[in-house]
Amino acid sequence: MASFFKKWICFCYGKGDIILTPTRYSGKLLKSYGIKKKIYPLTNGVDCSYFRKDPDIGAKFRWRYHIPKKRKVVISAGHWIERKGILDFFALAEKMPDVTFVWFGGGTMFYIPKKIRQAIRNKPENVILAGHVEPWQLKEAYCGADAFVFCSSEETEGIVVLEALACEIPVIVRDIPVYGGWLTHRKQVWKAKDLREFQMYTRKVLRKVPEEMQKEGRKTAEERDLEAVGMRLKRIYQTVVAKNRQLRYDK
């Protein structure tokens with residue numbers, strides 16, 4: 001159905017005056033579809049007043065999942081699909097049995113490919129599948145875990161990455177194009193090319209917390225705070241309204 005769906009979304013995009021898309025990377029994808037409308041890259045944003053570092057609620061996360069205070073914890077989030085990196089997350093857990101891994105998010109087993117269903121049934125013992133949770137529970141996890149590892153192989157932005165950065169948890173992501181231009185390797189995040197590098201960087205942050213990187217990560221999240229996004233959105237709307245008024249005047 002992919003080819004039909006592509007034609008449909010191109011038709012839908014063509015009905016607007018402009019197009020908003022989360023990143024320059026996703027904007028390039030739309031342009032590759034042959035879309036001629038003006039495209040503005042505008043982050044989905046993150047509520048930095050809500051997602052912020054808080055050790056007290058971090059302790060609640062460990063209590064909720066019966067994780068000892070001194071036990072290292074790695075978390076991730078996403079649907080149970082291969083693109084989100086759940087198989088690599090399990091493989092990483094197998095290589096690090098001394099660490100607890102928690103995956104937030106899920107899916108309906110009926111719709112999940114057999115390969116993923118089998119992996120879930122045979123997951124490593126040190127993996128906790130938390131399922132779908134409320135935002136406040138995910139916030140607890142950001143504040144209570146030792147690292148956020150996001151193995152996703154394709155994103156248009158990665159909202160959970162922004163949330164994690166806002167909470168100042170060390171972040172390891174896959175080295176994919178979407179992060180280009182706004183996330184820099186060894187500045188706000190670690191970028192891993194394969195499972196070996198995911199393990200290497202995860203071990204590194206578990207041994208020593210990269211405090212300077214955490215501060216840079218928070219700064220990057222604040223630049224994408226919802227208030228700043230709202231102001232940018234307002235300016236874009238004003239540009240569109242002014243242009244349409246001028247067109248009506250010219251007619």
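This is a predicted model, so every value here is computed, not measured.

S.K.: Help me understand the pairing of strand β3 (residues 73-77), please; the structure alone is not making it clear to me.
M.R.: Across a regular strand the side chains alternate sides, sitting on one face of the sheet and then on the other. By the criterion of burial, β3 is predominantly enclosed, with 5 of the 5 residues buried. Pairing of β3 with strand β4 (residues 100-104) involves 5 bridges; the strand directions are parallel. Each residue of the ladder has a partner; that of Ala77, found in β4, is Phe104. Each parallel crossover has a hand, and for β3 linked through helix α4 (residues 86-95) to β4 it is right-handed. Pairing geometry for β3 and strand β6 (residues 147-150), over 2 bridges, is parallel. Note that in β6 the partner of Ile75 across the bridge is Phe148.

S.K.: Would you mind going over the nonpolar core with me for this structure?
M.R.: Grouped together as the largest cluster of nonpolar side chains are 37 residues, with contacts concentrated most on Phe61, Ile75 and Phe148. Looking at this core, the elements that each hand over two or more residues are α3 (55-64), β3, β4, α6 (135-144), β6, α7 (159-166) and β7 (171-174). Tallying contributions element by element places α7 first for this core, with 6 residues. For Ile75, the residues in contact, after removing those within four places along its chain, are Phe61, Phe89, Val102, Phe104, Ala141, Tyr142, Ala145, Ala147, Phe148, Val149 and Ile169.

S.K.: It is not clear to me how the packing of α4 against helix α8 (residues 195-207) should be interpreted in this structure. Could you clarify?
M.R.: Between two packed helices, both the angle of their axes relative to each other and the distance between the axes serve to describe the pair. Running from N to C, α4 and α8 point in directions that differ by 55°, and their axes come no closer than 10 Å. Between α4 and α8, the interaxial angle falls into the category oblique. In the packing of α4 onto α8, the handedness of the crossing is right-handed. Residues Asp88, Ala91, Leu92 and Lys95 of α4 form the contact with α8, whose own contacting residues are Leu195, Phe198, Gln199, Thr202 and Arg203.

S.K.: I would appreciate a short explanation of the packing of α4 against helix α5 (residues 114-121) in the present structure.
M.R.: Between α4 and α5, the least distance of the axes is 10 Å, while the angle of their chain directions is 25°. Taken as axis vectors, α4 and α5 run roughly parallel relative to one another. Handedness of the α4/α5 crossing: left-handed. Residues Ile86, Leu87 and Phe90 of α4 form the contact with α5, whose own contacting residues are Lys115, Ile116, Ala119 and Ile120.

S.K.: What exactly am I supposed to notice about the side chain of Thr202 here?
M.R.: With respect to the element layout, Thr202 can be found in helix α8. In this structure, Thr202 is in contact with Val74, Leu92, Met96, Val149 and Ile172, ignoring residues within four places of it in sequence.

What counts and how
Residues numbered from 1 in each chain as written. Predicted model: local features only at pLDDT ≥ 70, side-chain atom pairs only at ≥ 80, totals over all residues. Heavy atoms only, no water. Buried < 20%, exposed > 50% of the residue type's maximum accessible area, 1.4 Å probe, protein only. Helix = DSSP H or I, 4+ residues; strand = E, 2+ residues; numbered from the N terminus. Pairing = 2+ DSSP bridges. Right-handed = clockwise from strand over helix to strand, strands pointing away. Core = buried A, V, L, I, M, F, W, Y, C linked by side-chain atoms within 4.5 Å. Contact = heavy atoms within 4.5 Å. Axes fitted to C-alpha atoms, helices over the stretch in contact; angles between N-to-C directions. Parallel < 35°, antiparallel > 145°, perpendicular 65-115°, else oblique. Left-handed = near helix turned anticlockwise from the far one by under 90°.

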